[in-house]
Amino acid sequence: MKSEAKPMLKTTETTAPLGALSPEDERRLDEMFAYVKEQAETFVGYPCRGRFDYSPLHRFLNYPINNVGDPFAPSTYRVHTREIELEVLAWFAELTHISAEQYWGYVTNGGTEGNIYGLFLARELYPSGMVYYSEDTHYSVAKNLRVLNMKHIMIKAQPNGEIDYDDLYETIRIHRDVPPIVFANVGTTMTEAVDDVTRIRRMLRELAIPESYIHCDAALCGMTLPFLDGAPEYDFRAGIDSISISGHKFIGSPIPCGVVLAKKRYVDRIARSIEYVGTLDTTLTGSRNGISPLVLWYAIRSRGADGFRREVAACVEKAKYAVRRLREIGMEAWRNPFAITVVFERPAPSVLQKWQIAVQRDRAHIITMQTISKEQIDELVSDIEAAREEVKA
Ligand SMILES: *Cc1c(COP(=O)(O)O)cnc(C)c1O
């Protein structure tokens, strides 16, 4: 018998329920579902698409799919979706302007994992490097720098959330003896501010720094800027070394996920071959979820670049509309160029309670994702106005 031949024995029925729930547990599940459905109605403060339909993928949930290890290397674990994962990566490589021979990457558990991965590569390349990141950087980064035990300095942010270039320049200049690792935000969490990667690259050249690394955190904007005319360059074209994009934010996914891409030659340096799973241990986790690549693939194939372009345009329109409506009731509301995040004064607690709005000190924001309607914006604005009247009364 040749080794590729199919085994004769079939496994036992794979789709039979493993047991039954009691009526009480059935009710518990129904309640949980009703809760999720209801909460999705007032989900306006987070940059995640609020609804989607991936029902053609439900059948995959009956199998122990695992994309363990390097998506580019073969594995002895064959219940996987890695071929689809590679197609997803190729799509993102084209989107971020890196050629097929030059990139490596994988589908992650979210933007955070991609950011850790980028920092990890930077540390392996430059163990003595110093990480620079603005004070408006996502909260997870400071913690992950501790996990990775990397030296770091926080840089001031401008009022709009963009990194303070003068502070960055001066700080790098003082520490010229160690390679700079710049963690650039392409869309900060609170104001969706975009750090100018081209300017940062130029700065490093001006300072005659021979070794440096730029990681780009494009959690949300990695899926908006490519589809907006005149948007700044932030990707491999602009000289970055790695990038992390969330999959469950703009694209939308029932499972948090994302994509990380990096220059292949960096990753080759950390690859280790593992006999047990017959693959390369280049990813951060061992077992990897094989459902997320299907979700991303399905979204990309069914909506396409044209679909995303239309979605982004509609989101920007709604953001402009929200700014206008909020200003009409005398709120100080604004948005960064190209942003779908609308920043305004922190509203009364009753409004935050009802609308799931994220706040930071005196600021609040909504993100006008695809699933948010103008009617919802109108209702939110009138709630904010009413709550203000209450406070005054
Ligand atoms: C959401 C976000 C992250 C974290 O991404 P997850 O996908 O939630 O892990 C990182 N950076 C920025 C700017 C974000 O908005």
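None of the values given here were measured: they were computed from a predicted structure. (Residues numbered from 1 in each chain as written. Predicted model: local features only at pLDDT ≥ 70, side-chain atom pairs only at ≥ 80, totals over all residues. Heavy atoms only, no water.)

Draft legend 1. Here's a closer look at the environment of Tyr-126. Mapped onto the fold, Tyr-126 is located in the loop between α3 (111-125) and β2 (130-134). For the pair formed by Tyr-126 and Ile-214, sequence separation is 88 residues and the distance between their alpha carbons is 12 Å. Apart from the residues within four sequence positions on either side, Tyr-126 is in contact with Pro-179, Ile-181, Glu-211, Ser-212 and Tyr-213. (Helix = DSSP H or I, 4+ residues; strand = E, 2+ residues; numbered from the N terminus. Contact = heavy atoms within 4.5 Å.)

Draft legend 2. Structural detail: the pattern of salt bridges. In the structure shown here, the tally under the stated rule is 17 salt bridges. Across the pair Arg-237 and Asp-235 runs a salt bridge, and its minimum N-O distance is 3.4 Å. Judged by relative accessible area, which is 44%, Arg-237 ranks as partly exposed. Among the residues examined, Asp-235 registers a relative accessible area of 1% and is labelled buried. If you follow the salt bridges from partner to partner, you end up with Arg-49, Arg-303 and Glu-311 in one network. (Salt bridge = Lys/Arg side-chain N within 4 Å of Asp/Glu carboxyl O. Buried < 20%, exposed > 50% of the residue type's maximum accessible area, 1.4 Å probe, protein only.)

Draft legend 3. Representation of the packing of α3 against helix α4 (residues 139-147) in the model. Closest axis-to-axis distance for the α3/α4 pair is 10 Å, and the angle between their directions is 40°. As judged from the angle between their axes, α3 and α4 are oblique. For the element pair α3 and α4, the recorded crossing hand is right-handed. Counting all contacts with α3, which are made through Thr-112, Asn-115, Ile-116 and Leu-119, the residues of α4 involved are Ser-140, Val-141, Asn-144 and Leu-145. Among the residues forming the contact of α3 with α4, the class breakdown is four nonpolar, four polar and no charged. (Axes fitted to C-alpha atoms, helices over the stretch in contact; angles between N-to-C directions. Parallel < 35°, antiparallel > 145°, perpendicular 65-115°, else oblique. Left-handed = near helix turned anticlockwise from the far one by under 90°. Nonpolar A, V, L, I, M, F, W, Y, C, P; charged D, E, K, R; others polar.)

Draft legend 4. Structural context of the domain arrangement of the protein chain. Domain boundaries in the protein chain define domain 1 (60-300) and domain 2 (305-392). Contacts between domain 1 and domain 2 engage 24 residues on the former and 22 residues on the latter. Taking both partners together, domain 1 and domain 2 bury about 1900 Å²; carbon and sulfur atoms supply 65% of that area. Among the residues domain 1 hides against domain 2, the three largest losses belong to Met-190, Phe-227 and Phe-250. Together they make up 39% of the total. At the junction of domain 1 with domain 2, the criterion picks out one salt bridge. Of the charged contacts in the structure, one is a salt bridge between Arg-309 and Asp-229, with a shortest N-O distance of 3.6 Å. (Domains from an automatic or database assignment. Buried area = accessible area lost by both parts, 1.4 Å probe.)

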